[in-house]
Amino acid sequence: MAKISKLPGHMCYFYQKGRCLYEEFLNPGYNTAWRCKVLGGLEDEYDKLLRQAEAFKLSAEVVTDLWNRRITEHRASSGGCQKDALKGEDTYPLCSNGHDDICLLELPECEGVCKKFKPIKIISDTE
């Protein structure tokens, strides 16, 4: 007897690079484990810099210089997320596995056409 497998979900509204975004659409940002760690780290660094700038009454030029240095340091320590996985290009801090502020690699894999399947509306030339 042949094994029957589900169809790929690539025509589903919730499908993105082999991952299922259904849960993220239900509760955007709820699952913090799915957030991009590189962008999260940059947000934390920026918030820290703003608190320090306010506390020490730093000028805009000094803050800009500090931010550029921190970006360089953060970039050096952020591991394999610096290169675009598809193109091999430096797109820091953006990534081909990113969707808004979440990392697609953290989402569950798409199991194929399922009960949550919602077709993508295709606009034809005749409309």
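Before any of the text, the structure's been laid out above.
Residues numbered from 1 in each chain as written. Predicted model: local features only at pLDDT ≥ 70, side-chain atom pairs only at ≥ 80, totals over all residues. Heavy atoms only, no water.

Chemist: Can you walk me through helix 3 (residues 60–77) in this structure?
Modeler: Over its 18 residues, helix 3 runs 26 Å from end to end, which matches the ideal 26 Å to within 8%, given 1.5 Å per residue. Taken as a whole, helix 3 has its buried residues at Val63, Arg70 and His74. Looking straight down helix 3, one finds that the buried residues subtend no more than 40° of arc, so they occupy a single side. Residues of helix 3 that are exposed and point over 90 degrees away from its buried face: Glu61, Thr72 and Ala76. (Helix = DSSP H or I, 4+ residues; strand = E, 2+ residues; numbered from the N terminus. Expected span 1.5 Å × (residues − 1). Buried < 20%, exposed > 50% of the residue type's maximum accessible area, 1.4 Å probe, protein only. Arc of directions from axis to C-beta.)

Chemist: Is there a simple way to explain the pattern of salt bridges in this structure?
Modeler: Between side chains of opposite charge, a pair can form as their charged atoms come close. For the coordinates displayed, the defined rule picks out three salt bridges. Measuring nitrogen to oxygen at the nearest pair gives 3.1 Å for the salt bridge that ties Glu43 to Arg35. You can call Glu43 partly exposed: its relative accessible area is 37%. The partner of Asp65 in a salt bridge is Arg69, with the nearest N and O atoms 2.6 Å apart. Separated by four residues within a single helix, Asp65 and Arg69 lie in helix 3, roughly one turn from each other. Classification of Asp65 by relative accessible area gives partly exposed; the value is 39%. Judged by its relative accessible area of 46%, Arg69 falls in the partly exposed class. (Salt bridge = Lys/Arg side-chain N within 4 Å of Asp/Glu carboxyl O.)

Chemist: Teacher, can you tell me more about the packing of aromatic side chains here?
Modeler: The geometry of two aromatic rings is summed up by the distance between their centres and the angle between their planes. On inspection of all chains with the given rule, the structure shows five aromatic pairs. Measuring from centroid to centroid gives 5.3 Å for Phe14 and Phe25, while their planes differ by 70°, and the two rings are edge-to-face. Here the residue Phe14 occupies a position in the segment before strand 1 (15–16), and Phe25 occupies one in helix 1 (residues 22–26), the gap between them amounting to eleven residues. Overall, Phe14 belongs to the buried group, its relative accessible area being 10%. When its relative accessible area of 39% is taken as the criterion, Phe25 is described as partly exposed. Here the aromatic residues Tyr13, Phe14, Tyr22 and Phe25 are joined through ring pairs into a cluster of three or more. (Phe/Tyr/Trp six-rings, centres within 6.5 Å; stacked < 30°, edge-to-face > 60°.)

Remember that the coordinates give geometry; whether it matters functionally is a separate question.
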